[in-house]
Amino acid sequence: MNLYFSDTHFNHKFMSLQRGFSDVEEMDSYIIEGINSRSTYKDTLYCLGDFVWTGGYDYVKSILDQLKFKNLIFIKGNHDDALVNFLKFSNDIRYELHTDLFIKDNGTNIHLYHYPIFDWNWKFHNQWHLYGHQHEIRSSGVEMMDLPYSHNVNVELNNYVPVSMQDIMEKK
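Predicted, not measured: the structure shown is a model, and the values here were computed from it.

1. Digging into the overall build of the protein
- In terms of regular secondary structure, the protein is built from 5 helices and 10 strands.
- The C-alpha radius of gyration of the protein comes to 15 Å, within 12% of the 16 Å expected for a compact globule of 172 residues.
- The burial tally for the protein puts 49% of its 172 residues in the buried class.
- Total accessible area on the protein is roughly 8,700 Å²; 50% of this is exposed by carbon and sulfur atoms.

Now the structure itself:
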C-alpha cells in the first residue's frame, strides 16, 4: 500500500511545543508510533517534505530505523537540509528524493509536491494533487482543502498518521 504524510518536523523543539507536546522526544515518538500504526514493511511511504528539522547523519538514521516501510520516497520541502545531507551519504536503495513526482496509485494519477498549488496537469481529469507545507487548514485566506482532487497530508491535519488514497477519497 502507498501511504502519504508530510511535515513531521522531527527534532524541532519549537514545533513540538506548538503542537502541545512536552518536548521533542515526546513528539518524535508519537509521530513514529502514528506512522507505524498504519504502515508495514511491505508499504511505500511518501513524505511530502519537512521530514526532519535538524540533526546529523546518526540522528536522521535513528528516526528512519524506527519506521516500518519497504520504500520511503521523499519530496523535498523547505526544511529538509538535514535529510538531504543524510541522503548524500546513505547508500540505502530504499530511499529516493524528488522535487516533485507524478505517480499512479491503483489507477489514480497523483502529483506529489511539498507546496499547495492551484493548477496542476490534468487537474480536471481526476488527477490528484497531494501536498503539505501548510500547518493550518486555512492559509492566506484560501481554503485549499475545498479544491477538488487536492489534499493536505500534513500529519497535524491527519491525526499524526499517514493516509492512503482510499482514506483521502473517502473524506472528499
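2. Quick word on the nonpolar core
- Counting residues in hydrophobic clusters, the biggest one holds 27 residues, and the most contacted among them are Phe51, Leu64, Leu67, Leu72, Phe74 and Tyr95.
- Taken together, the elements giving at least two residues each to this core come down to β1 (2–5), α2 (24–38), β2 (44–47), α3 (57–66), β3 (71–75) and α4 (81–89).
- Aside from chain neighbours lying at most four places away, what touches leucine 64 is Phe51, Phe69, Leu72, Phe74, Phe86 and Tyr95.
- Core analysis: the next-biggest nonpolar cluster, separate from the first, contains 15 residues, Ile110, Trp128, Leu130 and Val153 among them.

3. Points about α4
- What α4 keeps buried is the set Ala82, Leu83, Val84, Phe86 and Leu87.
- Structurally, α4 contributes buried residues whose contacts are with α3, β3 and β4 (95–98).

4. Overview of unusual backbone geometry
- Its identity as a non-glycine residue notwithstanding, asparagine 11 has a phi of 65°, on the positive side.
- Here asparagine 11 lies in the loop between β1 and α1 (13–18).
- Phi at asparagine 159 is positive, roughly 55°, even though this residue is not glycine.
- Relative to the elements of secondary structure, asparagine 159 occurs in the loop between β10 (150–152) and α5 (165–171).
- Classification of asparagine 159 as exposed rests on a relative accessible area of 66%.

What counts, and where the lines are drawn
Residues numbered from 1 in each chain as written. Predicted model: local features only at pLDDT ≥ 70, side-chain atom pairs only at ≥ 80, totals over all residues. Heavy atoms only, no water. Helix = DSSP H or I, 4+ residues; strand = E, 2+ residues; numbered from the N terminus. Rg over C-alpha atoms; globule rule 2.2 N^0.38 Å. Buried < 20%, exposed > 50% of the residue type's maximum accessible area, 1.4 Å probe, protein only. Areas by Shrake-Rupley, 256 points an atom, 1.4 Å probe, with all protein chains shown as cover. Core = buried A, V, L, I, M, F, W, Y, C linked by side-chain atoms within 4.5 Å. Contact = heavy atoms within 4.5 Å.

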